[in-house]
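Observations on the three-dimensional arrangement
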Amino acid sequence: MSDNINARLCHMTLHELHDMLAQGQVSSREITSDVLARIDEVEASVGAYVTVDREGALSGADAADAAIARARRVGDAAEIGAVVGIPVVLKDNVCTRGMRTTCCSKMLEDFVPTYDAAVTARLRAAGAVIVGKANMDEFAMGSTTQTSIFHVTRNPWDPERVPGGSSGGCAAAVAAGEAVAAVGSDTGGSVRQPASFCGVVGLKPTYGRVSRYGVAAFASSLDTVGPVTQDVRDCAIMLNVMAGHDERDSTSAPNAVPDYTEYVERGVEGLKIGIPKEFFGPGMDEGVRTAVERAVHALEGAGAKIVDVSIPLVEHALGVYYLVATAEASSNMARLDGIRYGHRPEGRSGMDVADLMSASRGQGFGMEVKRRIMLGTFVLSAGNIDAFYGRALRSRRLLKEDVERALAQCDCLASPTAPTVAFRFDEEPDDPLAMYLQDIYTTLANLAGVPAISVPCGFADGLPVGLQIMGRMFDEGTLMQVARAVELTSGFDRARPEVGGCVK
Ligand code: GLN
């Protein structure tokens, strides 16, 4: 602890800050002020935020300080919740009452929700300080955060590189010290891939583990809401707060929520970790392969048993994902028509309803969203639905069975999170299909509904590499256990980028 007192507050982990708050060594106002100061220093070069709520954050901090002081006065420090007074950022598709929630689209540029998403409400009730909203790809469709209507987000490790996406703002903010932790969404990899690119931890929980209520829908059968944090313990703490049944989301799971922090230090002695051979084929950068193989070797050194497994159908995951995700997206986007929701075109007098909707959607949606709507409408159209959508659903079932068979032979599966490290803005493929290949290792977990975490496992060319660990339904605990062992053995050791000339 004493080592940390001289380090900047904005670079400390959630659990370190919690300990200091509980012992009265620091106030939430001090932590929040340091995070806001950090935003002032580096935001011009990172661009992680689309909304910063200074006043709201500081008054949230004061309320947290009052609650902490009360608990300390009655001598009950154990009553100080794990996230009380901790500054967090939410992806801009997570509804925040009274704070605009744009999905980084012109379509919702002026949308100010009248209610909080379930995760927002849970975090507020637990005393977290909401600093603002993070940049993202428009409606969470993308892998670089570049389809946002606002601005690009730069990777804190190298401003010439993308932070990944679609939760790129969340990952960049946490990596740069602009928030202690973040909440993102993951439909096909959008929490894990940016976490991998920015050297932070990102979890896609089991489908139904965290309520989707109030999080803008992209592909409802794949959408999940997950934490982005500096380390695995922080991830467990955030999941403790975010997880749980919610009757307002019909797909929310009733399963009890364990204390995930209890798994973090259990070690991997005796755990069986499966390596799906199909994940290590061509298309992966050599640097990524080396870092991942080294991490797996280190897990073996820590007592895990490494076994070879096979997921023969995995080559179809990406194709199935882009059929299911676009089909669901086309139907979810239909409500954005400028009538009840969404951008209203100028000079609409005299337009009939069809013209109004078409002008609203034509102006409101960007290229990538339009591309997905068109693809999705095509695969759902009368003559094509069975050949495309029906077949995709049947393949999805087979893929899930493949994953279950592999997970019957081991406790979890390890693979890279993404085939490359963060790429340069000028290396971005023009071809959308090439961009979709970024999701090659991540979409399987969404299709199967299982949880998956990305944890930094090393570097390639000076840039962070993420290891993905995928587990059984509702077994996030094992993921925490293994990811923590990766943290301890990889030598990554919460390395931080030197953004804005200021590091930990
Ligand atoms: N990159 C993927 C896509 O563009 C995943 C997006 C996500 O998980 N929201 O669809």
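Criteria and cut-off values
Residues numbered from 1 in each chain as written. Predicted model: local features only at pLDDT ≥ 70, side-chain atom pairs only at ≥ 80, totals over all residues. Heavy atoms only, no water. 1 Å grid on protein atoms, 1.4 Å probe; cavity = no way out; pocket = protein on both sides within 12 Å on 5 of 7 lines; lining within 4 Å. Points joined across faces, edges and corners; volume = space filled by probe spheres on them. Nonpolar A, V, L, I, M, F, W, Y, C, P; charged D, E, K, R; others polar. Helix = DSSP H or I, 4+ residues; strand = E, 2+ residues; numbered from the N terminus. Buried < 20%, exposed > 50% of the residue type's maximum accessible area, 1.4 Å probe, protein only. Pairing = 2+ DSSP bridges. Axes fitted to C-alpha atoms, helices over the stretch in contact; angles between N-to-C directions. Contact = heavy atoms within 4.5 Å. Salt bridge = Lys/Arg side-chain N within 4 Å of Asp/Glu carboxyl O. Phe/Tyr/Trp six-rings, centres within 6.5 Å; stacked < 30°, edge-to-face > 60°. pLDDT = per-residue confidence, 0-100. Polar contact = N/O pair within 3.5 Å; in protein donor to acceptor, adjacent residues only side chain to side chain. Expected span 1.5 Å × (residues − 1).

Evaluation of the coordinates by the stated rule reveals three cavities of 30 Å³ or more. There is about 100 Å³ of room inside the largest cavity. Lining the largest cavity are 15 residues; nearest its centre among them are G142, G188, S190, Y321 and D439. Class assignment for the residues of the lining of the largest cavity results in five nonpolar, eight polar and two charged. The calculated volume of the second largest cavity comes to roughly 60 Å³. Taken together, G199, Q230, P456, E487, F492, D493, R494 and R496 make up the lining of the second largest cavity. Of the residues contributing to the lining of the second largest cavity, the split by class is two nonpolar, two polar and four charged.

We now examine unusual backbone geometry. Along the chain, G165 connects to S166 via a cis peptide bond; the corresponding omega equals 10°. Of note, S166 is situated in the loop between β3 (129-134) and α6 (168-176). In this structure, F139 is a non-glycine residue whose phi angle is positive, near 50°. You can see F139 is positioned in the loop between β3 and α6. You can call F139 buried: its relative accessible area is 5%. Of note in the backbone geometry, A140 takes a positive phi value of approximately 70° without being a glycine.

We now examine the sheet that holds strand β7 (residues 272-276). Across the sheet, which stays open at both edges, the 11 strands sit in the order β1-β3-β2-β4-β6-β5-β10-β11-β9-β7-β8 with mixed pairing between neighbours. The sheet terminates laterally at β1 (49-52) and β8 (305-309), the two strands that pair on one side only. Going across the sheet, the axis of each strand differs from the next one's by a mean of 30°, ignoring polarity. Relative to strand β9 (residues 412-416), β7 runs parallel, the two being bridged by two bridges. Bridged to I273 within β9 is C412. Packed on one face of the sheet, helix α10 (residues 286-301) meets β7, β8, β9, β10 (452-460) and β11 (463-471) and runs near 55° to β11.

Another aspect to go through is the pattern of salt bridges. Scanning the model with the defined rule gives 23 salt bridges in all. The partner of R161 in a salt bridge is D158, with the nearest N and O atoms 2.9 Å apart. We classify D158 as buried; its relative accessible area is 18%. Within the structure, one salt-bridge network assembled from shared partners comprises R8, D34, R38 and E41.

A full pass over the atoms with the stated rule returns eight aromatic pairs. Judged by centre distance (5.9 Å) and plane angle (85°), the ring pair of F197 and F423 falls under edge-to-face. In this pair, F197 is assigned in helix α7 (residues 192-198) and F423 in the loop between β9 and α15 (432-436), connecting sequence segments 226 residues apart. As far as the burial class goes, F197 and F423 line up, both buried. Seen from their ring centres, F279 and Y441 are 5.6 Å apart, and the 25° between their planes marks the pair as stacked. Here Y441 lies in the loop between α15 and α16 (443-448) and F279 lies in the loop between β7 and α10, a separation of 162 residues in the sequence. Look at F279 and you get buried, because its relative accessible area is 1%. By relative accessible area, which is 5% here, Y441 ends up buried. Aromatic rings pair up to connect Y321, Y322 and Y436 into one cluster.

Of the pockets and cavities examined, the largest pocket occupies roughly 580 Å³. Lining the largest pocket are 32 residues, with Y115, V215, A216, A217 and R335 sitting closest to its centre. Here the second largest pocket is characterised by a volume of approximately 370 Å³. Forming the walls of the second largest pocket are 20 residues, and the residues nearest its centre are P282, P419, L437, I440 and Y441. A breakdown of the residues in the lining of the second largest pocket according to their chemical character gives 13 nonpolar, four polar and three charged.

Moving on, we come to the confidence of the model for the protein. Predicted confidence across the protein gives a mean pLDDT of 94, with 98% of residues reaching 70 or more. Of the regions scoring below 50 in pLDDT, residues 1-5 engages in nine contacts with residues more than four places distant in sequence or in other chains.

Looking now at the environment of S185. Position of S185 relative to the elements: it lies in strand β4 (residues 181-186). With a relative accessible area of 4%, S185 lands in the buried category. Residues S185 and H316, spaced 131 residues apart in sequence, show a C-alpha to C-alpha distance of 23 Å. Discounting chain neighbours no more than four positions away, the residues touching S185 are K91, N93, A140, S167, S190, V191, T224 and V225. One polar contact links S185 to N93, side chain to side chain, over a distance of 3.0 Å.

Another point: α10. Its 16 residues give α10 an end-to-end C-alpha distance of 22 Å, which sits within 8% of 22 Å, the value for a rise of 1.5 Å per residue. Within the sequence span of α10, burial applies to V288, R289, A291, V292, A295, V296 and L299. Contact partners of the buried residues in α10: β7, β8, β9, β10, β11 and α17 (476-490). Trailing α10 by a residue or two, G303 shows a phi angle of about 110°, which is positive.

What you see with strand β5 (residues 201-204) is no split at all: V201 and L203 on one side and G202 and K204 on the other are buried throughout. In the sheet, β5 pairs with strand β6 (residues 224-229) via two bridges, with the strands oriented antiparallel. Across the sheet, residue G202 finds its bridge partner in β6, namely V228. Direction of pairing for β5 relative to β10: antiparallel, over a ladder of three bridges. Residue pairing for β10: K204 is matched across the bridge by A452.

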